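# Observations on the model geometry
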Amino acid sequence: MKTQVAIIGAGPAGMLLSEMLHQRGIESVVIEQRSREHVLSRIRAGVLEQTTVDVLRSNGLGERMDREGHPHDGMKIVWSGKEGFFIDVRRHVGKRFMAYGQTSIQEDLFAACDRRGGVVLTEAEDVRLVDIDTKRPRVMFRRRGEEVRLDCDFIAGCDGFHGVSRKAIPPSVLREFEKVYPFGWLGVLSETPPLPDIVYANHPRGFALASMRSPQLSRYYLQVPLDTHIDDWSDERFWDELKQRYPRELADAIVTGPSIEKSIAPLRSFVAEPMRHGRMFLAGDAAHIVPPTGAKGLNLAVSDVFYLSRALAAFYGNGSPNLLDRYSDMALRRVWSAVRTSWYLTNLLHRFPGSSEFDQRAQESELHYLQTSIHAQAALAEQYAGLDFEAAVDRVSAEDDATAIAVAAR
Ligand code: APR
Ligand code: PHB
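Right, let's walk through the structure included here. (Residues numbered from 1 in each chain as written. Chains lettered and ligands numbered in written order. Predicted model: local features only at pLDDT ≥ 70, side-chain atom pairs only at ≥ 80, totals over all residues. Heavy atoms only, no water.)

## Brief notes about the nonpolar core
In terms of nonpolar packing, the biggest core is built from 80 residues, with Leu 16, Ile 31, Leu 48, Val 139, Phe 141 and Ile 155 touching the most fellow members. The biggest single contributor to this core is helix H9 (residues 297-318), with eleven residues. If we ignore the near neighbours within four places in the chain, the residues touching Ile 155 are Ala 6, Ile 8, Leu 129, Ile 132, Pro 137, Arg 138, Val 139, Arg 279, Met 280 and Phe 281. Phe 85, Val 89, Leu 370 and Ala 376 belong to the second largest nonpolar core, which has 31 residues in total. (Core = buried A, V, L, I, M, F, W, Y, C linked by side-chain atoms within 4.5 Å. Buried < 20%, exposed > 50% of the residue type's maximum accessible area, 1.4 Å probe, protein only. Helix = DSSP H or I, 4+ residues; strand = E, 2+ residues; numbered from the N terminus. Contact = heavy atoms within 4.5 Å.)

## Quick notes on the site of ligand 2
In the vicinity of ligand 2, 14 residues are found, and the nearest of them are Tyr 200, Ser 211, Arg 213, Tyr 221 and Gly 294. With respect to ligand 2, the side chain of Tyr 221 contributes an N or O atom lying 2.6 Å from an oxygen atom. For ligand 2, an oxygen atom lies 3.3 Å from a polar atom in the backbone of Ala 295. Secondary-structure elements contributing two or more residues to the shell around ligand 2 are strand E15 (208-214) and strand E16 (217-224). (Near = heavy atom within 4 Å. Polar contact = N/O pair within 3.5 Å; in protein donor to acceptor, adjacent residues only side chain to side chain.)

## Thoughts on the pairing of strand E11 (residues 146-151)
Across six bridges, the pairing between strand E10 (residues 138-143) and E11 is antiparallel. Paired with Arg 143 across the strands is Glu 146, a residue of E11. Following E10, the chain reverses through two residues before pairing antiparallel with E11; Arg 144 in that reversal takes a positive phi of roughly 50°. (Pairing = 2+ DSSP bridges.)

## Things to note about the packing of aromatic side chains
Applying the stated criterion across every chain yields a total of 19 aromatic pairs. Taking the centre distance of 6.1 Å and the plane angle of 90° together, the rings of Phe 154 and Tyr 316 count as edge-to-face. With Phe 154 in strand E12 (residues 154-157) and Tyr 316 in helix H9, this pair connects stretches of sequence that are 162 residues apart. We classify Phe 154 as buried; its relative accessible area is 3%. Judged by its relative accessible area of 26%, Tyr 316 is partly exposed. Taking the centre distance of 5.8 Å and the plane angle of 75° together, the rings of Phe 281 and Tyr 327 count as edge-to-face. Placement of Phe 281 in strand E19 (residues 280-282) and of Tyr 327 in helix H10 (residues 322-349) is noted, with a sequence separation of 46 residues between them. Tyr 327 shares its class with Phe 281; the two are buried. Feature note: the residues Phe 97, Trp 185, Tyr 200, Phe 207, Tyr 221 and Tyr 384 constitute an aromatic cluster, connected by ring pairs. (Phe/Tyr/Trp six-rings, centres within 6.5 Å; stacked < 30°, edge-to-face > 60°.)

## Some remarks on the state of the cysteines
Going through the model one piece at a time under the given rule, you end up with zero disulfides. Cys 158 carries a free sulfur, and the closest cysteine sulfur to it, the one in Cys 152, is 12 Å from it. (Disulfide = S-S within 2.5 Å.)

## Observations regarding the sheet that holds E10
Taken together, three strands build an open sheet; the order of strands is E9-E10-E11 and the sheet is antiparallel. Each edge of the sheet is formed by a strand with only one pairing partner; in this case those strands are strand E9 (125-130) and E11. Recorded for the sheet is a direction-independent mean angle of 15° between the axes of neighbouring strands. Bridge count between E9 and E10: four bridges; the pairing is antiparallel. Residue pairing across strands places Arg 128 opposite Met 140, the latter belonging to E10. (Axes fitted to C-alpha atoms, helices over the stretch in contact; angles between N-to-C directions.)

## Structural notes on the site of ligand 1
Taken together, 24 residues lie around ligand 1, and Glu 32, Arg 42, Arg 44, Gln 102 and Asp 285 are the ones closest in. A distance of 3.0 Å separates an oxygen atom of ligand 1 from a polar backbone atom of Leu 298. Mapped onto the shell around ligand 1, the elements with two or more residues apiece are helix H1 (12-23) and H9. Here the shell around ligand 1 takes three residues from H9, the largest share from any one element. Within the shell around ligand 1, the residues separate by chemical class into ten nonpolar, eight polar and six charged. (Nonpolar A, V, L, I, M, F, W, Y, C, P; charged D, E, K, R; others polar.)

## Regarding the environment of Ile 8
The residue Ile 8 is located in strand E1 (residues 5-8) in this model. Judged by relative accessible area, which is 3%, Ile 8 ranks as buried. Sequence separation between Ile 8 and Glu 32 is 24 residues, and the spatial gap between their C-alpha atoms is 6.3 Å. Once residues within four sequence positions are removed from consideration, Ile 8 is found in contact with Ile 31, Val 127, Leu 129, Val 139, Ile 155, Ala 156, Gly 157, Cys 158, Asp 159 and Ser 165.

## What about helix H6 (residues 102-116)?
Compared with an ideal rise of 1.5 Å per residue, which puts 15 residues at 21 Å, H6 spans 21 Å between its outermost C-alpha atoms and is within 8% of the ideal. Listed in full, the buried residues belonging to H6 are Gln 102, Thr 103, Ser 104, Ile 105, Gln 106, Asp 108, Leu 109, Phe 110, Ala 112 and Cys 113. Looking one or two residues beyond H6, the residue adopting positive phi is Gly 117, at roughly 70°. (Expected span 1.5 Å × (residues − 1).)

Rendered as structure tokens:
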């Protein structure tokens, strides 16, 4: 088989890349190790930044999102059981958010792919990336008992944190940065009306979060120790604990009901650099993980794909490799900004086991500062909203020009 771009992984990063490339006249094949049903069954975050909403809309993926999603302007922080404050992102930076589940985005992406007859090879086994630092890379895998070889111009590694693409970068080139947090999130999805705002709670019993998927679907989380067993958490225990972590008025407003999904996720920050080796480019969770505080994971996957599709379109359009050469640096600037923001919010809002009274006072002082300073709120609003995409300025040729002028002057 032969294609222009071989995409490993049919998560949101891989499927969106294939859609955006198709719309720019570039052919791709997606190779996924699991079944489509498995990919569609994963429940993940669901808060989309303005930039993500814009990318989805401008690529024909906004119709259902605009019909079913819930636009909102910011988020609330409450602490120590007291009434909290609202970070009004729309007021400070003019951007909004959309509550729309990743599961729905994944459905929309498969539907769009089916409409255009796109190729997604699911249940591929033993996927291998070969000769990625040459002009003729290829992907080898087994499918339905047969060995398949896919020749391509480029490989996009969109295969998540546990995928094979990142591991194809030689250890002498790859740098990894990691932070593991000493707790997890216990999440519940329930068919109950959510609170009107997303509300983050810092409480002596631990962090809690109230979020939403739609007017009849709520998502809640509790900070729990890493050794927590899900079987120990009946719905009743979950709701009781959740309400204890919110101030009275909000606790009374939470509508409880049977959970339709319950899971525990550990919290981790991880970044791999560079996001490119030869003709292989990483995008999404394959290159970086953020703790869920701030809901940046999916948004980062979308921004990587935005930069990568633009760079590939430039390459196939006018032969210029400059944006491809700048892809890793450009994507990583936005990645580190989100990594920093989600690390900051994680530190601000959780109770860390073994923290000292000094740490506790410093955290409270930070919350107090945020509550009382419009400048602090504006700064958080800007980071929570996510950075704008960088313009496609061809800095490489600008630098070349500057060098040429300097040489001529000598
Ligand atoms: N070969 C082929 N496919 C693979 C392989 C492999 N060796 N390893 C993993 N995959 C597939 C997974 O089965 C999964 O479907 O790659 C896909 C990766 O998808 P995601 O993990 O959803 O990652 P990504 O598309 O980058 O999306 C990032 O998802 O995990 C959340 O918080 C994250 O919201 C963010 C978003
Ligand atoms: C979610 O809705 O799942 C969600 C919302 C906000 C976060 C994290 C997750 O910070």
